[in-house]
Amino acid sequence: MKRAAVFPAFRSLIESEPYGQMRFKPDVLAVLKAVLAEGEVAGTDKYSDSEDLEEWLSMKGGPFVAISKGLDLAIAIEQQLPNDLLLNHLIIGLFQVVNALKSGDLAKADSLVAVLADNHTIPTLEECNSDTLPELVCVLFMKAIYADEEISSKAIENLFSSLSTIPKDAFWMRAIFYNAGLDVFMRQGRVAEAEQAAQRALFHYRATGEPGIEFYVLLYVVIIKLWRGDVRAAEDTTQDAQCALNNFAGATENDALLLHSFQLIVQYEAGDEKPFIEHLMAAEDSIPFGELWPSVAEPIISYGRRALASHVTPAAAYSWVKRWRVRQWRSDRFDELISFHEVRALQALGRWQEADEILSSFRSGFDQEAELARLRSALDRAPKSETLATKLRACLKLPNSSVRRSATLNLLAAKNAINRRSEKEAAAFVTRAITVANPENLPNFWHELRHEMADVVNRRDFRSEMRKQPQLWRQLRHVLRDQSSQKPEDLTRQEYRILLLLAEGQSNKAIGLRLGISLPTVKFHVANLCRKTDASNRKSVVKHALQVGWL
């Protein structure tokens, strides 16, 4: 592609992309793919009434052509088939269901399954067994995953029971089965099992000899590496995914956009947030989330909210999350996921009552992240609570926590300890957080929490405790930019504390409760901030502080 760019005739057809790569422009690529799809179908025998329909399709890839060869080719094949035969054959019907799912048309997939059920026995996932056609089991799992339905332990047991009936050299089917199990394990937080399923899916996909087909599994591996806090390994995996995508015949522009999002997320975790922020503002609306499996879509929403809240404003993050409520209804669970991110955005804005109202609607134990949100609310309501301290310690003992969650729990426990005047205990919790989430490896994690941590770092006794560990103390000061010692010279220490809370969107009353000062005193300091920044209101104060680098 780079060589082609040398010739003037090609320059208008291609564009540059990250990491020095070149690619055809989207409109050019669409035309090429359509031509190639027609050519590939034309290069094979067309179906005739004298042939066995299911055998004819199996030679093209069975129900999973859209996965193995790409959606364009699958649709081109589907258009060849006689309409009156499509739903009389189970394999053909499953082929259509997969095409609908890959197109993001869940309603069409549901209607196709309903029509199939009139002519065939279609069990529930819990009813599947070793006698059920493996292709049917796999397609039912795919539909449940796309629809973001709850999948029971019994259903997973049935999935792997069906796997035992598939020949060991049936690499396509085995790869797709492991791919389905991988997504379910990720949603359930069973990361170790997800990692094993990913490795087996990669092995079988690569054994098919189809170049680049492992691309989608590599995205899950990126998520697993980020979950473990291994940013370097995540970066290496995105490079593997880029190579796979370059070689994948079924790749689409949406796949390229999806990979680009993950590349920018990895850069964000490594400390380079600007490209991801720009991407969120410009291109994220283009991602067709209806086509994505939920476990792949969720990190983009999660990291997007965090990045905007910490590097733009909490209000920008809240607005961004709210868009998903309007644009995308997928399932009750996905809707609840969006609600959770609304809660976190509201908490960052200091709108605790609204956040608590949404939290109260969640089903018990919805998610580990939702439990974190509940703990934050409890800390806001009762910052000195011994009961909360006990609960935080219990949560820290639970298995299967991501690096981010484990470090956050330790920092919440540190805030609680500070409020209980236990600076030594707070220092111990912060030390554990630094050990779990090394600031040098995850700088933006600490940047996201810098305002929350200011109350802890500003305590004299805490600082004395942390100075006993000079290396950790230097790391902490650097990553938090030591808010107390780097305050603007024009502001008093108390004014700067209040400015930080204004940036969080806290009300005067909330600021007074947080700092232990009266409401008139808060108003006095806010008035001083307005005077010193030549601002007419609180919003203008924060805007000025962002412009001059105080925040």
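Details of the structure are given in the entry above.
Residues numbered from 1 in each chain as written. Predicted model: local features only at pLDDT ≥ 70, side-chain atom pairs only at ≥ 80, totals over all residues. Heavy atoms only, no water.

**Here's the deal with the overall build of the protein**
When its secondary structure is counted, the protein shows 32 helices and 2 strands. Within the protein, the fraction of its 551 residues that count as buried is 53%. The contacts in the protein between residues at least 6 apart in sequence include a share of 64% that link residues at least 24 apart. Looking at the protein as shown, the accessible area adds up to about 25,000 Å², and 51% of this sits on carbon and sulfur atoms. (Helix = DSSP H or I, 4+ residues; strand = E, 2+ residues; numbered from the N terminus. Buried < 20%, exposed > 50% of the residue type's maximum accessible area, 1.4 Å probe, protein only. Contact = heavy atoms within 4.5 Å. Areas by Shrake-Rupley, 256 points an atom, 1.4 Å probe, with all protein chains shown as cover.)

**What to know about unusual backbone geometry**
Even without being glycine, Arg421 reaches a positive phi, approximately 65°. Among the secondary structure elements, Arg421 is positioned in the loop between α23 (403-419) and α24 (423-436). Looking at Arg421, the relative accessible area reads 61%, which means it is exposed. The backbone phi angle of Asp534 is positive, close to 55°, even though this residue is not glycine. Relative to the helices and strands, Asp534 is located in the loop between α31 (519-533) and α32 (538-547).

**Let's talk about a negative patch on the surface**
On the surface, Asp230, Glu235, Asp236 and Asp240 cluster together into a negatively charged patch. Along the chain, Asp240 falls in helix α14 (residues 231-247). (Patch = residues over 30% accessible without salt bridge, like charges linked within 9 Å, V, L, I, M, F, W, Y side chains within 5 Å. Salt bridge = Lys/Arg side-chain N within 4 Å of Asp/Glu carboxyl O. Lys, Arg positive; Asp, Glu negative; His and termini not counted. Charge placed at Lys NZ, Arg CZ, Asp CG, Glu CD.)

**Topic: the nonpolar core**
Among the nonpolar cores identified, the biggest contains 136 residues, and Phe64, Phe141, Val430, Trp446, Phe462, Met466 and Leu476 are the most heavily contacted of them. Top contributing element to this core by residue count: helix α13 (residues 215-228), with 11 residues. Non-local contacts of Val430, meaning those with residues more than four positions away in its chain, are made with Leu411, Ala414, Met453, Val456, Phe462, Met466 and Leu476. Ranked by size, the runner-up nonpolar core spans 21 residues in total, among them Ala503, Val522, Leu529 and Trp550. (Core = buried A, V, L, I, M, F, W, Y, C linked by side-chain atoms within 4.5 Å.)

**Quick notes on the packing of aromatic side chains**
Within the structure shown, the criterion is met by 8 aromatic pairs. Here the aromatic rings of Phe160 and Phe185 are separated by 6.1 Å at their centres, their planes lie at 10°, and the arrangement is stacked. Of this pair, Phe160 sits in helix α10 (residues 153-163) while Phe185 is found in helix α11 (residues 171-187), placing the two residues 25 residues apart along the sequence. When its relative accessible area of 27% is taken as the criterion, Phe160 is described as partly exposed. Judged by its relative accessible area of 7%, Phe185 is buried. Aromatic side chains Tyr268 and Tyr303 sit 6.3 Å apart centroid to centroid with 80° between the ring planes, which places their arrangement in the edge-to-face category. Of this pair, Tyr268 sits in helix α15 (residues 253-270) while Tyr303 sits in helix α17 (residues 294-311), and the two are 35 residues apart along the sequence. With respect to burial, Tyr268 and Tyr303 carry one shared label: buried. These aromatic residues form a ring-pair network of at least three members: Phe160, Tyr178 and Phe185. Here Arg306 stacks its cationic end above the ring of Tyr303, 4.9 Å away from the centre of that ring. (Phe/Tyr/Trp six-rings, centres within 6.5 Å; stacked < 30°, edge-to-face > 60°. Lys NZ or Arg CZ within 6 Å of the ring centre and 35° of its normal.)

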